[in-house]
Amino acid sequence: MKKSFYFLAGLCAFIGILHTCFTKEAYQTKAVNLHNQYRRKHHAPALRMDNELNSLAVKCADYYARKEAIDFSCPYKGDVGENLASVDGGNCNSNQLAVRASKGWYSGVKFFNDNYARHYHEILSFIQMVWKDTQKCGFGYARTIIVFLLVCTVQRETMLMELKKMFLSLR
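Remember, it's a predicted structure, so these values are computed and weren't measured experimentally.

A.B. asks: Just checking my understanding: could you explain the overall build of the protein for this structure?
C.D. replies: On a plain count of helices and strands, the protein comes out with 6 helices and 4 strands. Reading the secondary structure of the protein in the N-to-C direction produces α-α-β-α-β-α-α-β-β-α. Scored against the burial criterion, the 171 residues of the protein give a buried share of 45%. Summarising the internal contacts of the protein: among those between residues at least 6 apart in sequence, 67% fall at separations of at least 24. Summing over all exposed atoms, the protein offers an accessible surface of approximately 10,100 Å²; the carbon and sulfur share of this is 57%.

A.B. asks: Where do I start with the sheet that holds strand S2 (residues 81-88) in this structure?
C.D. replies: In a beta sheet, neighbouring strands pair by backbone hydrogen bonds and run either parallel or antiparallel. The strand order S1-S3-S4-S2 describes an open sheet built from 4 strands, whose pairing is mixed. What marks the edges here is a single partner per strand, and that holds for strand S1 (48-49) and S2. Strand direction decides the pairing type here: S1 and strand S3 (residues 136-143), joined by 2 bridges, are parallel. Directly across from Met49, in S3, lies its bridge partner Cys137. Across the face of the sheet, helix H2 (residues 24-41) comes into contact with S1, S3 and strand S4 (147-154) while running at roughly 135° to S3. Sheet strands in contact with helix H3 (residues 51-67) are S1, S2, S3 and S4, and its direction is about 30° off that of S3.

A.B. asks: Please clarify how the pairing of S3 should be interpreted in this entry.
C.D. replies: Looking down a regular strand, the side chains alternate between one sheet face and the other. Here S3 lies mainly inside the structure; 6 of its 8 residues are buried. Here 7 bridges tie S3 to S4, and the two strands are oriented antiparallel to one another. Note on S4: the bridge partner recorded for Arg143 is Phe148. From the end of S3 to the start of S4, which pair antiparallel, there are 3 residues.

A.B. asks: Would you mind going over the environment of Leu47 with me for this structure?
C.D. replies: Here Leu47 lies in the loop between H2 and S1. Separated by 91 residues in the primary sequence, Leu47 and Gly138 place their C-alpha atoms 9.6 Å from one another. Setting aside residues up to four positions removed in sequence, Leu47 forms contacts with Val32, His35, Asn36, Arg39, Thr134, Gln135, Lys136 and Cys137.

A.B. asks: Would you mind going over the nonpolar core with me for this structure?
C.D. replies: Soluble globular proteins tend to pack their nonpolar side chains together in the buried interior. The biggest cluster of nonpolar side chains holds 28 residues, and the ones touching the most others in it are Tyr27, Leu97, Trp105, Phe139, Phe148 and Leu150. Secondary-structure elements contributing two or more residues to this core are H2, S2, helix H4 (94-106), helix H5 (120-130), S3 and S4. With residues up to four places along the chain from it excluded, the contact list for Tyr27 reads Ser94, Leu97, Ala98, Ala101, Trp105, Phe139, Gly140, Tyr141, Leu150 and Val151.

A.B. asks: Would you take a moment to explain the pairing of S2 for this structure?
C.D. replies: Burial of S2 is extensive: 6 of the 8 residues sit out of reach of the surface. Pairing geometry for S2 and S4, over 8 bridges, is antiparallel. Looking at S4, one finds that Gly81 is bridged to Val154.

A.B. asks: Got a minute to help me understand unusual backbone geometry in this structure?
C.D. replies: The phi torsion of most residues other than glycine is negative, and most of the peptide bonds are trans. At His43, a position not held by glycine, the phi torsion is positive, near 55°. By secondary structure assignment, the location of His43 is in the loop between H2 and S1. Residue Glu68 is not a glycine yet carries a positive backbone phi of 60°. Assignment of secondary structure puts Glu68 in the loop between H3 and S2.

Criteria and thresholds
- Residues numbered from 1 in each chain as written.
- Predicted model: local features only at pLDDT ≥ 70, side-chain atom pairs only at ≥ 80, totals over all residues.
- Heavy atoms only, no water.
- Helix = DSSP H or I, 4+ residues; strand = E, 2+ residues; numbered from the N terminus.
- Buried < 20%, exposed > 50% of the residue type's maximum accessible area, 1.4 Å probe, protein only.
- Contact = heavy atoms within 4.5 Å.
- Areas by Shrake-Rupley, 256 points an atom, 1.4 Å probe, with all protein chains shown as cover.
- Pairing = 2+ DSSP bridges.
- Axes fitted to C-alpha atoms, helices over the stretch in contact; angles between N-to-C directions.
- Core = buried A, V, L, I, M, F, W, Y, C linked by side-chain atoms within 4.5 Å.

Quick look at the structure:
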């Protein structure tokens, strides 16, 4: 009887660890924390996770997984900004997915003073991460046979107008 109890307790603990490592919630928490670390480098206030944006990110990730392409065409997003990434399937857990996606999105910083037109998506992903007026975000992922498709959604009320002004002034 005691052996059964200890076995079940150990199994429950193991399942709890797996649940923490392989859930969308764990990915979302890690991703917002990483985004806020990057935002601190640029003196931007911390982002708050938003349940509606999380749901939208998951819905868009599922859409891209069904389509087997990430082309910024998610019909559910409306005027919400999105950062997209794909990560080789392998044995990634939620934390590793968040790290790889966040690093990839932030990597656009190296192109920021370079040719904007040639690196538009990389720069836009970086800008959406650190835009000071952005307050809320959401994260989601879906898995295909080969890759994880990762989505970050952000509300972008004034960002697009400001970016258009900035890009037009550079021409």
